[in-house]
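As a plain string of letters, each chain reads:
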Amino acid sequence: QQPVQSPQAVILREGEDAVINCSSSKALYSVHWYRQKHGEAPVFLMILLKGGEQKGHDKISASFNEKKQQSSLYLTASQLSYSGTYFCGTLGGTSYGKLTFGQGTILTVHP
Amino acid sequence: DAGVIQSPRHEVTEMGQEVTLRCKPISGHDYLFWYRQTMMRGLELLIYFNNNVPIDDSGMPEDRFSAKMPNASFSTLKIQPSEPRDSAVYFCASSQHRQGASYEQYFGPGTRLTVT
């Protein structure tokens, strides 16, 4: 079952912060985050494994609440290069490989 | 490394024709994935392989689609016969499974398929 991302779209000014949420109705083993720029392939950002850990990638960080089956991606002091579509991909149990992607969140950063 | 390589990058074909998409994964990666992306359905996993063996093909839409991985460095996705609703961007991705560690997927540039 496809995870649900919110919001569907975000418009920011450079320097502003944003949060993108990903919720699943299934128990999760891990959550993957990818960014896709227009006309390009998705690019891996980070993976969070169950355990409530938080990871960071430059000024982008994420958290994973396995009890709530939710993950959030935090973009701090956004840059123009952050624009794109952000996807979460969820993996249930230990069935390696079968990621189910959310519908994506379109992030637009203006100067 | 050159990354995941896909060919062709663009394919325009007529309904009923056979289409073959090709993928070369990153050397040393033991998992290979085929995805399809459309505006309506988003990013869907079609099939994935582990050590050249198909593990899960439940995402393959119908019998017109088939995928093979004859060796560790090559995979094909074939559509025969093609239909207009197959128009999409098809991505190939690969990853390396390391026990107890993360295993990010690396995507190829995609093949944009248009069936007229």
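We now turn to the structure provided with this report. Every value quoted in this text rests on a predicted model; they were computed, and no experiment measured them. Sequence order as written defines residue numbering, which begins from 1 separately in each chain. To label them, take the chains in the order written and letter them from A, then take the ligands in the order written and number them from 1. A pLDDT threshold of at least 70 governs which residues receive local features in this predicted model, and a stricter bar of 80 or more applies before side-chain atom pairs are shown or counted, although totals over entire chains, interfaces and linings include all residues. Remark: hydrogens and water are excluded; side-chain values derive from all non-hydrogen atoms of the structure.

### Examining the overall build of chain A
Along chain A, the regular secondary structure elements total 0 helices and 11 strands. Segments assigned H or I by DSSP are reported as helices when at least four residues long, segments assigned E as strands when at least two residues long, and all are numbered from the N terminus. Ordered by position from N to C terminus, the α and β elements of chain A give β-β-β-β-β-β-β-β-β-β-β. Only protein chains enter the accessibility calculation, which uses a 1.4 Å probe; a residue is then buried when its area is under 20% of its type maximum, exposed when over 50%, and partly exposed in between. The burial tally for chain A puts 47% of its 111 residues in the buried class. For this analysis, residues touch if any pair of their heavy atoms sits within 4.5 Å. In chain A, once contacts between residues fewer than 6 apart in sequence are set aside, the share between residues at least 24 apart is 55%. Computed with a 1.4 Å probe, the accessible areas rest on the Shrake-Rupley method; for each residue, only the protein chains presented here act as cover. Approximately 5,300 Å² of chain A is accessible, and the part contributed by carbon and sulfur atoms is 50%.

### Some thoughts on unusual backbone geometry
Of note, the amide linkage connecting A:S6 to A:P7 takes the cis form, showing an omega dihedral of -5 degrees. Mapped onto the elements of the fold, A:P7 is located in the loop between β1 (4-6) and β2 (9-13). Of note, the bond from B:Q80 into B:P81 is cis; its omega dihedral lies within 30 degrees of zero at -5 degrees. Note that B:P81 resides in the loop between β8 (74-79) and β9 (88-95). The backbone of A:Q69 shows a phi angle near 55 degrees, a positive value even though the residue is not glycine. Note that A:Q69 resides in the loop between β7 (60-65) and β8 (70-75). Here the phi dihedral of B:N51 falls at roughly 50 degrees; this positive angle occurs in a residue that is not glycine. Along the polypeptide, B:N51 turns up in the loop between β5 (42-50) and β6 (53-56).

### Points about the packing of aromatic side chains
We call Phe, Tyr and Trp rings a pair once their centres come within 6.5 Å, taking the six-membered ring for Trp, and we label the pair stacked below 30 degrees between planes, edge-to-face above 60, and tilted otherwise. Applying the stated criterion across every chain yields a total of 12 aromatic pairs over all chains. A ring pair is formed by A:Y34 and B:F107, whose centres lie 5.6 Å apart and whose planes are at 80 degrees; its orientation type is edge-to-face. With A:Y34 in strand β4 (residues 30-36) and B:F107 in strand β10 (residues 106-107), the pair connects residues from two separate chains. Across the pair, exposure class does not vary: A:Y34 and B:F107 are buried alike. Measuring from centroid to centroid gives 6.3 Å for B:Y31 and B:F33, while their planes differ by 15 degrees, and the two rings are stacked. In textbook terms, an aromatic cluster arises when at least three aromatic residues are bridged by ring pairs, as seen for A:Y34, A:F44, A:F87, A:F101, B:Y31, B:F33, B:Y35, B:Y48, B:F91 and B:F107.

### Description of the state of the cysteines
Pairs of cysteine sulfur atoms within 2.5 Å are identified as disulfides in what follows. Applying the stated criterion across every chain, the model contains 2 disulfides over all chains. Put simply, A:C22 and A:C88 are joined by a disulfide, and their sulfur atoms are 2.0 Å apart. As the torsion about the S-S bond is roughly 70 degrees, the A:C22-A:C88 disulfide counts as right-handed. Residue A:C22 is found in strand β3 (residues 18-23), and its partner A:C88 is found in strand β9 (residues 84-91); the two are separated by 66 residues along the sequence. Across this residue pair, the class does not change: A:C22 and A:C88 are buried. Residue pairing for B:C23: its cysteine sulfur links by disulfide to B:C92, the two sulfurs lying 1.9 Å apart.

### Re the interface of chain B and chain A
Across the contact, 20 residues belong to chain B and 17 residues belong to chain A. Buried area counts how much accessible surface, traced with a 1.4 Å probe, disappears from two parts once they are put together, with both parts' losses summed. Roughly 1,700 Å² of surface becomes buried between chain B and chain A when both sides are summed, with 62% attributable to carbon and sulfur atoms. If you sort the residues of chain B by the area they bury against chain A, B:L43, B:Y103 and B:F107 come out on top, with a joint share of 33%. The rule for a salt bridge is simple: a side-chain nitrogen of Lys or Arg has to be within 4 Å of a carboxyl oxygen of Asp or Glu. Where chain B packs against chain A, one counts 0 salt bridges. As used in this structure description, the phrase polar contact means that two N or O atoms lie within 3.5 Å; if the pair is within protein, one of them must be able to donate a hydrogen and the other to accept it, and residues adjacent in sequence are counted only when both atoms belong to side chains. Put simply, chain B and chain A have 2 residue pairs in polar contact (both at pLDDT 80 or more) between them. When residues of the side of chain B that touches chain A are traced back to their parent elements, those giving at least two are β4 (31-38), β5 and β9 of chain B. Among the elements that take part in the side of chain B that touches chain A, β4(B) stands out by supplying 4 residues, more than any other. Of the residues in the side of chain B that touches chain A, the class split is 10 nonpolar, 8 polar and 2 charged. Residues are sorted three ways: Asp, Glu, Lys and Arg are charged, Ala, Val, Leu, Ile, Met, Phe, Trp, Tyr, Cys and Pro are nonpolar, and all the rest, Gly among them, are polar.

### Concerning the sheet that holds strand β7 (residues 65-71) of chain B
Residues and elements named next belong to chain B. Paired strands, in this sense, are two strands between which DSSP finds at least two bridges. Taken together, 4 strands build an open sheet; the order of strands is β1-β3-β8-β7 and the sheet is antiparallel. With partners counted over all chains shown, the strands left at the sheet margins are β1 (5-7) and β7, one partner each. Here the average twist between neighbouring strands, direction ignored, is 15 degrees. Lines fitted to the C-alpha atoms define the axes, with helices restricted to the stretch that makes contact. Angles between their N-to-C directions range from 0 to 180 degrees.

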